[in-house]
Every structure is written in structure tokens, then in C-alpha cells.
Amino acid sequence: MSQVNFEPRERSFWECKGLAEDIVTIVNTNKLPPKSLSPAKPQLDSNLPNMTITQLQPINSVSPATIDVSSEFVEEHHPLPQPPEGTTPDESNQPALRYDPVAIADYYRSRVFQVWGRLLSIMVKFGSFALGLWLDGKRGKKVKTDRKRAIQLRITLTELGPAFIKVGQALSTRPDLVPPLYLEELTKLQDQLPPFPNELAYQFIEEELGDRPENIYAELSPDPLAAASLGQVYKGKLKTGEIVAVKVQRPGLSENIALDIYLLRTLAQWAKKTFKFIRSDLVAIMDEFGGRIYEEMDYNHEGRNAERFRQLYGNIQDIYVPRIYWDYTGRRVLTMEWINGSKLTNLEEVTAQGIDARYLIEVGVQCSLRQLLEHGFFHADPHPGNLLASPEGKLVYLDFGMMSEVKPYQRYGLLEAVVHLVNRDFEGLAKDYVKLEFLTPDTDLSPIIPALEKVFNNALGASVAELNFKSITDQLSDLMYEYPFRVPAYYALIIRSLVTLEGIAINVDPNFKVLSKAYPYVAKRLLTDPSVELRTSLKDLLFKEGSFRWNRLENLLKNAQHSDDYDINEVLNQTLDFLFSERGEFIREQLANEFVKSIDTASRNALTKAQSKVAEWMGVKVASTSAKEVKLTPDQNNLEHLQRIVNILQETKGFDPMLLVQRVPSLIVKPEVQHLSQKVAGELAQRAAARLIRELFLSSDPLISEDNQLGSSIQVNGHSANGKSVSKQPLSLPPSR
Ligand SMILES: Nc1ncnc2c1ncn2[C@@H]1O[C@H](COP(=O)(O)OP(=O)(O)OP(=O)(O)O)[C@@H](O)[C@H]1O
């Protein structure tokens with residue numbers, strides 16, 4: 001990087017006037033000097049290795065080269081709209097942006113010409129799209145040209161500007177509103193867009209930061225290195241030496257967006273009133289969208305989001321979040337630490353640096369799970385431009401403009417839904433949809449449960465390893481048309497985030513399945529989270545109609561082993577605390593019953609063996625019935641399960657049995673423990689006495705007859721002792737690593 005310093009200098013009134021005139025000319029006429037003067041195209045890749053940072057151009061001599069660069073780019077791509085005529089690009093004095101649909105409506109009600117002018121240009125563009133669609137239908141070519149039309153829609157939205165690009169991005173997450181082919185095209189709207197002239201960017205820097213860029217930064221790249229929907233990014237250097245990214249907002253953004261949101265919201269109101277088949281609340285969706293986009297237009301807000309994200313997730317192993325330089329940040333200018341990185345999707349570049357892209361995807365999935373299910377503060381736009389692999393092998397998150405929140409009850413609802421899905425409990429899943437506001441509480445779930453079973457059985461195949469968000473979303477969209485599902489706005493952003501992440505993952509490894517990586521985390525949360533919601537889920541998962549499902553516990557413990565920050569000793573401590581608390585009474589009773597059965601069976605077997613040994617030793621022939629070992633179905637054999645669980649614990653990283661031993665003295669004095677041991681001892685004694693009486697007076701084959709009595713009430717792992725299946729087995733999960 002060249003080291004050229006800016007020389008601060010005074011500016012005359014005429015220089016300022018010259019700049020203002022230049023800006024007005026550019027904004028109003030969009031007349032740009034001829035293409036032949038253009039020496040180069042702007043580099044839109046933020047990761048160019050040989051980029052130079054050079055001195056800024058004098059502000060009043062708008063360089064033809066600089067402008068023509070944009071012109072060439074604009075001609076090749078689809079031009080973004082310029083600020084509306086008559087509006088000045090000076091927005092510096094505006095207060096912090098807050099979305100207020102009523103104030104926006106009041107403002108535009110008296111600006112009839114402006115509103116109609118914009119409406120007309122939107123109608124012409126959408127009109128030609130609709131006409132094409134209609135002609136396709138007439139000519140019977142609809143299916144053939146569907147993709148072409150989807151592409152046309154994407155281009156139309158790009159041409160119409162940021163608000164429409166964002167609407168397209170938001171629609172790309174709405175399987176209840178948009179057919180799959182269009183969904184696919186709309187997700188491409190995160191592509192790089194034409195930049196705006198440097199001079200405007202310099203002016204905004206001055207207005208926001210109170211001085212000319214050359215007085216603020218030691219260096220700045222001559223052109224933006226990236227241009228996205230709301231802003232463009234320069235590489236620079238602070239006078240203190242730090243290399244920074246300077247993101248400057250597009251001109252006329254708030255004006256453009258406010259007018260477009262006003263129009264779209266009015267349209268949504270009309271459509272909702274006119275078309276009865278529209279179930280989703282379009283106006284609420286528009287308001288949700290308006291709120292987010294307004295937040296995104298305030299870079300102070302983005303800076304705060306970045307800091308919160310860094311604080312919550314920056315300490316996860318191999319995650320990195322750039323720092324914000326607040327002294328150089330304002331509403332329309334954001335200065336943050338520059339990240340030298342490669343897009344995760346640029347596999348060649350990533351691999352050439354010796355970085356394992358697959359590992360970084362796993363890191364990203366773990367980070368997403370914590371965002372969505374732990375803290376609820378999540379990055380709603382993790383597209384490939386915003387996820388970089390750093391040369392140190394870390395996953396770097398960028399662009400914190402569009403963040404969203406998942407409320408605690410939604411987080412628990414989502415965790416429970418994953419548990420129900422993995423265990424094929426579709427009744428539970430249908431209830432989760434009510435809890436998560438996809439269905440209203442008065443919905444009749446009876447036809448929905450088998451429909452869900454059909455969809456997920458198709459999508460899941462034999463195991464969760466087959467699961468893929470996109471296929472589930474596609475399959476669910478049919479269901480959503482058929483039954484009264486509405487996708488709540490918060491969930492649309494979650495799905496967008498996950499589908500985007502999965503897309504990146506599949507690009508890196510076509511066999512990557514996000515959900516099989518997610519279950520270890522869910523298992524860990526189920527075992528470690530002390531919240532009432534997850535304790536109830538755990539109970540529902542482990543007990544069915546009074547019987548303990550050992551294989552589910554084994555499955556959970558095995559999966560949780562693969563979660564990074566899983567602390568088995570903490571799990572055991574928590575389990576003991578919970579078990580011997582008031583809330584654990586139900587489970588305590590159940591476990592006591594299981595223990596009685598197990599100990600009783602084991603002691604009978606031991607007794608029988610001892611009997612025959614003694615008899616053998618004494619040379620006495622023992623009757624075959626009394627020598628018979630108790631025959632147990634595999635599901636009944638709780639001791640075997642216990643043994644397997646002990647094995648899993650021993651294999652688990654960090655397991656220390658001595659910690660358990662240390663807890664014994666404090667546990668033994670607890671009234672709950674004493675009550676439990678009395679209960680176990682009492683029940684064992686009762687059984688032994690009953691057996692003795694039967695053996696002496698009643699049955700010729702007491703063990704077997706008693707066993708049948710016991711077996712009739714035992715249902716373990718989804719099977720009753722008589723072999724009848726009472727519930728399905730959970731899905732098998734392959735070890736994640
Ligand atoms: N700190 C940084 N270091 C290096 N490059 C960066 C940095 N911040 C942003 N970029 C580059 O600039 C691009 C655009 O930035 P960003 O995504 O923040 O803009 P945006 O207008 O908010 O985009 P979007 O359309 O996704 O909302 C990024 O994709 C990345 O390539």
C-alpha cells in the first residue's frame with residue numbers, strides 16, 4: 001500500500017460552489033463525461049490484494065475519470081435511481097431516523113406530483129413485467145419462461161432502487177408468498193451494485209465528521225472497493241495508523257426510501273382489503289420491513305449493533321468482529337477496522353491460504369445457533385459478501401445494519417420444535433407452530449398433524465443427516481397454502497439467515513447438513529439449560545406415559561459430547577440439583593420406580609445364579625424353573641442402559657467421577673434423598689416379600705408370571721414389554737465429527 005499523506009488546505013467559497021454545482025449537475029442530469037476518458041473500472045472486490053490507497057482528488061475538480069468510471073459501470077449494470085429532483089443531498093441535519101408510517105403519510109399527502117411521478121415510473125417497470133407474464137400465459141409458454149420472468153423481476157427491483165431491492169430480499173424469505181423459482185432469483189439481490197460519485201461521498205464525510213476527508217484520514221482509496229444496496233466502502237488509513245473501512249451512505253436514500261415505503265404500504269393496505277385470499281398481514285410486514293430499513297440507514301445504529309455482536313459472540317473460538325471507530329462515525333459514515341479476508345464462497349482463495357473453509361462453516365453454524373437460540377440477537381443478512389475468512393483462519397462477520405431479535409419464548413419454542421422434529425413428535429411440532437405464532441390458538445390441529453408427518457417424513461428420509469432447510473422450506477410452502485399458516489415476520493428473517501448460511505455451506509461442501517451440526521447444540525442446551533421450558537421439554541422427551549426412554553437419554557448425551565462448550569460435570573451437578581429439588585419430584589418418582597425394577601431384576605438374577613452355584617457345589621439337582629434367569633427384553637434391561645450411559649460419560653471430555661463422589665455427603669442429608677432411599681428400600685422389600693409368598697404358596701413358575709405383570713406396565717424406548725410399539729424411535733443422528 002502506498003503511503004501518501006493528505007495535505008490539509010483551505011478551501012475558497014468558489015471551490016465549494018464548484019462542488020455544489022458539480023453535485024447538482026450529476027444528481028439532476030446524470031450526464032456523465034464520455035466513456036473514452038475512462039482509464040479503469042472500479043474494483044468492487046473488497047479483497048483485492050494489490051489495492052493502492054492514494055491521495056484524494058481536489059474536491060472542486062470533479063475528475064472525468066472518476067465519474068466516467070461510474071458511468072461505464074452504470075451502463076453495464078442497472079442504474080440505481082438518483083435523488084429526486086429538487087431534493088438536496090444534504091441530509092446531515094436530519095434527526096436520528098425512526099420509522100413512523102403516520103408521519104411519512106402526512107408528509108407525502110401534500111406532495112402529489114412527487115408521489116405520482118414515482119408511482120408512474122414504478123408502474124411502467126412493473127407493467128412491462130406483468131405484460132410479459134400475461135403474454136407468456138396467453139402463448140402457453142408460462143412454464144418455459146418462468147425463470148426468465150423471475151430474472152426480469154429481480155432486474156426490475158434492482159433498477160427501482162434500495163427500497164425495492166430490500167423488498168425483494170425480504171420476499172426471498174417468504175415461502176408463504178412467493179413460488180420457489182422466484183424465491184431463488186430474489187435471493188440473488190445481494191449482488192454488487194453501481195457506485196455513486198466519490199465527490200458526494202467526500203461531501204457526506206465532511207458533513208458527518210465535520211472536516212474534509214483529507215483532514216480526517218491519512219489515506220483513502222481513490223474509488224470505493226465495494227458498492228452495496230445502501231452504501232459504498234472505501235479502504236483508508238487513520239492518522240494514528242490503523243487501516244480502516246469507510247462506509248458512506250448513498251445520496252438521497254432516506255427521501256427515496258420514505259417515498260417508496262409510503263407507496264408500498266398504501267398498496268399493501270389496498271391489496272389486503274381487496275384480495276380475500278391474502279392471509280398474511282401485508283401492512284404489518286411492510287411496517288416490519290420499514291422499521292428495519294430505517295435502522296439500517298443510521299450507521300450509528302449499525303455501529304452499536306456491531307459492538308453488541310462483538311461482545312456477545314466475539315469470544316467464540318475463531319469468530320472475529322471488526323471494531324468501530326466512533327470518532328470517525330456518523331449517521332451516514334461508518335469507520336471500522338479493515339478486514340483483509342476472502343469470501344467464504346471463494347474456495348480457491350481460501351484454500352490457497354491453508355484455511356479449512358469447511359471448518360469455518362461449522363464455526364458459522366455454531367455462532368448462528370448461539371445467535372438464534374441463546375442470546376436472540378442475530379445477523380439477518382449473512383450473505384457471502386458479509387462473511388469473510390481472515391488470513392488467520394477466522395470467520396469474520398461484517399455489515400450489522402440488519403439485525404433482528406428472537407424473544408425468549410420464541411427461542412425456547414424453536415428449541416422445542418427441533419426436539420420434536422428430531423423425535424418425530426408431530427403433535428408436539430403442531431403445538432409448537434401455535435406457540436411460535438404460525439397458527440392461531442383456535443386452529444384445528446387434527447388435519448395438520450398427519451400433513452406435517454407426511455412433509456417431514458419426505459424431507460427427512462431416514463435421518464437428520466438428510467435434513468436440509470431449503471427442501472423443508474420448499475415442502476412447507478405447499479402446506480402453508482393449504483392450511484391457515486402465516487409466517488411471522490421474525491421467523492422470515494431467521495429462515496433467510498439460515499437458508500443463506502446453508503447456501504454458503506453447500507457451496508463449500510455439497511454434503512453439509514446444517515441441522516445435523518445443530519442437534520449437538522440443542523442436546524447440550526436441553527441437558528444444561530435450567531429454564532422451566534427446557535426442563536419440561538427434557539421431561540417430555542425422556543418420559544412417555546410414565547416410562548423412562550433410556551435410548552433418548554443416551555442419544556442426547558452422545559450428541560451433546562460434540563458441542564464445543566459442553567461441560568459434562570456441570571450437567572451432572574445440575575441434574576443432581578434438579579433431581580433433588582421440589583421441581584424434580586415427578587422425575588424422582590419415575591426414576592425410583594425404574595431403579596426398583598432394575599435392582600430387583602438384578603438381585604433376582606444374582607440370587608438365582610448363587611442358588612444354582614450352591615446347589616452345584618452341594619451336588620443337588622435344581623428344578624429348571626427356579627434356576628431360570630429372568631428373561632428381559634432389551635428395552636427392559638435398564639441396567640444395560642445404565643452401563644452404556646456410564647460408558648458415554650467416561651468417553652466424554654472432562655468427565656470427572658470424583659466430583660460426583662464429592663457431592664455424596666451433601667446429598668445424603670437432603671430429606672428428598674432420604675425419602676427416595678426409603679421408598680426404594682420399601683418397594684424392594686415389598687417385592688421380595690410378595691415373591692417369596694408366591695414362590696412358597698402359589699406359582700410353579702413365579703419369576704415368569706411376575707415378570708409378565710411387571711412388563712405390562714413397562715414402556716421403554718417406545719415399546720411396551722409385550723412388544724407393542726407405543727411410539728416411534730427417535731431419528732438416528734450420526735456423530736457430528
Ligand atoms: N470492515 C470491512 N473490511 C473489508 N471490507 C468490508 C468491510 N466492511 C464492508 N466491506 C465490504 O463492503 C461490502 C459492502 O458492505 P456492507 O455489506 O456493510 O454494505 P451494505 O450497503 O450495508 O450492504 P447490504 O446490501 O448487504 O445491506 C461488503 O460486502 C464487503 O465486501
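Residues numbered from 1 in each chain as written. Predicted model: local features only at pLDDT ≥ 70, side-chain atom pairs only at ≥ 80, totals over all residues. Heavy atoms only, no water.

Identification of the protein as Protein kinase domain-containing protein from Planktothrix serta PCC 8927 is taken from an unreviewed UniProt entry. For the record of the protein, the UniProt heading Sequence similarities (unreviewed entry) holds the text "Belongs to the protein kinase superfamily. ADCK protein kinase family." (UniProt positions renumbered as here; feature names shortened; annotations may be inferred.)

### Quick word on the overall build of the protein
Of regular secondary structure, the protein possesses 29 helices and 15 strands. Taking all 737 residues of the protein together, 52% fall into the buried category. Sequence-distant contacts in the protein: of pairs separated by 6 or more residues, those separated by 24 or more amount to 75%. Carbon and sulfur atoms provide 57% of the accessible area of the protein, an area that totals close to 34,400 Å². (Helix = DSSP H or I, 4+ residues; strand = E, 2+ residues; numbered from the N terminus. Buried < 20%, exposed > 50% of the residue type's maximum accessible area, 1.4 Å probe, protein only. Contact = heavy atoms within 4.5 Å. Areas by Shrake-Rupley, 256 points an atom, 1.4 Å probe, with all protein chains shown as cover.)

### Thoughts on the site of the ligand
The ligand sits among 21 residues. The nearest are Ser229, Lys247, Glu337, His383 and Gly385. In this structure, serine 229 approaches the ligand through a side-chain N or O atom, which is 2.7 Å from an oxygen atom. Within the side chain of aspartate 399, an N or O atom sits 3.0 Å from an oxygen atom of the ligand. In isolation the ligand offers 630 Å² of accessible surface; the protein chains occlude 98% of this area. Taken together, the residues of the shell around the ligand sort by class into nine nonpolar, six polar and six charged. (Near = heavy atom within 4 Å. Polar contact = N/O pair within 3.5 Å; in protein donor to acceptor, adjacent residues only side chain to side chain. Nonpolar A, V, L, I, M, F, W, Y, C, P; charged D, E, K, R; others polar.)

### Concerning the sheet that holds strand β9 (residues 387-389)
Strands sit in the order β5-β10-β9-β7 across an open sheet of four strands; the sheet is mixed. The sheet is open, and its two edges are formed by β5 (319-320) and β7 (342-343), each paired on a single side. Across two bridges, the pairing between β5 and strand β10 (residues 395-397) is parallel. Within β10, the residue paired with tyrosine 320 across the bridge is valine 396. Contacts between helix α14 (residues 357-375) and the sheet are confined to β5, β9 and β10, with β10 contributing the most and set at about 45 degrees to the helix. (Pairing = 2+ DSSP bridges. Axes fitted to C-alpha atoms, helices over the stretch in contact; angles between N-to-C directions.)

### Structural notes on the nonpolar core
In a soluble, globular protein the nonpolar side chains are often hidden away together inside. Among the nonpolar cores identified, the biggest contains 104 residues, and Phe309, Tyr433, Phe438, Leu452, Phe485, Ile494 and Leu556 are the most heavily contacted of them. Of the residues forming this core, the biggest block, eleven residues, is contributed by helix α19 (residues 489-508). Residues lining this core come from more than one domain, with at least three contributed by each of domain 2 (405-545) and domain 3 (567-607 + 640-687). In this structure, tyrosine 433 is in contact with Phe438, Leu439, Leu452, Phe456, Leu476 and Phe485, ignoring residues within four places of it in sequence. Counting residues in hydrophobic clusters, the runner-up holds 36 residues, among them Ile104, Leu160, Ala258 and Val283. (Core = buried A, V, L, I, M, F, W, Y, C linked by side-chain atoms within 4.5 Å. Domains from an automatic or database assignment.)

### With respect to the packing of helix α20 (residues 514-528) against helix α21 (residues 532-542)
Taken N-terminus to C-terminus, the directions of α20 and α21 make an angle of 105 degrees; their axes are 8 Å apart at the nearest point. Between α20 and α21, the angle falls in the class roughly perpendicular. The residues of α21 that touch α20, namely those facing Arg525, Leu526, Leu527 and Thr528, are Leu534, Arg535, Ser537, Leu538 and Leu541. (Parallel < 35°, antiparallel > 145°, perpendicular 65-115°, else oblique.)

### Comments concerning the confidence of the model for the protein
For the protein, the average pLDDT comes to 72, and 69% of its residues sit at 70 or higher. Mean pLDDT per element in the protein: helix α2 (residues 64-76) is the minimum at 29, and strand β6 (residues 333-337) is the maximum at 97. Counting contacts from residues 701-737, a segment whose pLDDT is below 50, to residues more than four positions away or on other chains yields 96 contacts. The ipTM value of the predicted complex is 0.97, and its pTM value is 0.67. (pLDDT = per-residue confidence, 0-100.)

### What to know about a nonpolar patch on the surface
Among the surface-exposed residues, Leu267, Trp270 and Phe275 lie close enough to one another that they form a single nonpolar patch of about 320 Å² accessible area. Here tryptophan 270 lies in helix α10 (residues 253-274). (Patch = residues over 30% accessible without salt bridge, like charges linked within 9 Å, V, L, I, M, F, W, Y side chains within 5 Å. Salt bridge = Lys/Arg side-chain N within 4 Å of Asp/Glu carboxyl O.)

### Considerations on the pattern of salt bridges
Pairing between side chains of opposite charge can happen when their charged atoms approach one another. Evaluated as defined, the whole model comprises 20 salt bridges. Close ionic contact of glutamate 185 with arginine 147 constitutes a salt bridge, the shortest N to O distance being 3.5 Å. Placement of the pair is glutamate 185 in helix α7 (residues 180-186) and arginine 147 in helix α5 (residues 142-160), with a sequence separation of 38 residues. Its relative accessible area of 1% is what places glutamate 185 among the buried residues. Owing to a relative accessible area of 34%, arginine 147 belongs among the partly exposed residues under this scheme.

### Some details on unusual backbone geometry
Not every positive phi belongs to a glycine, and aspartate 399 is a case in point at roughly 60 degrees. Its place among the elements puts aspartate 399 in the loop between β10 and β11 (403-405). At glutamate 437, a residue that is not glycine, the phi angle is positive and equals roughly 70 degrees. One can find glutamate 437 in the loop between α16 (426-435) and α17 (448-460). Overall, glutamate 437 belongs to the partly exposed group, its relative accessible area being 36%.

### A short note on the packing of aromatic side chains
Inspection of the entire model under this criterion finds twelve aromatic pairs. Between the aromatic rings of tyrosine 99 and tyrosine 294, the centroid separation amounts to 5.6 Å while the plane-to-plane angle is 55 degrees, which identifies the pairing as tilted. Linking tyrosine 99 in the loop between α2 and α3 (101-109) with tyrosine 294 in helix α11 (residues 282-296), this pair joins segments that are 195 residues apart in sequence. Among the residues examined, tyrosine 294 registers a relative accessible area of 7% and is labelled buried. Among the aromatic side chains, those forming a connected cluster through ring pairs are Phe309, Tyr313, Tyr397 and Phe400. The positively charged end of arginine 111 is found above the aromatic ring belonging to tyrosine 107, 3.7 Å away from the centroid. Positioned over the ring face of phenylalanine 377 is arginine 308, at 4.0 Å from the centre of the ring. (Phe/Tyr/Trp six-rings, centres within 6.5 Å; stacked < 30°, edge-to-face > 60°. Lys NZ or Arg CZ within 6 Å of the ring centre and 35° of its normal.)

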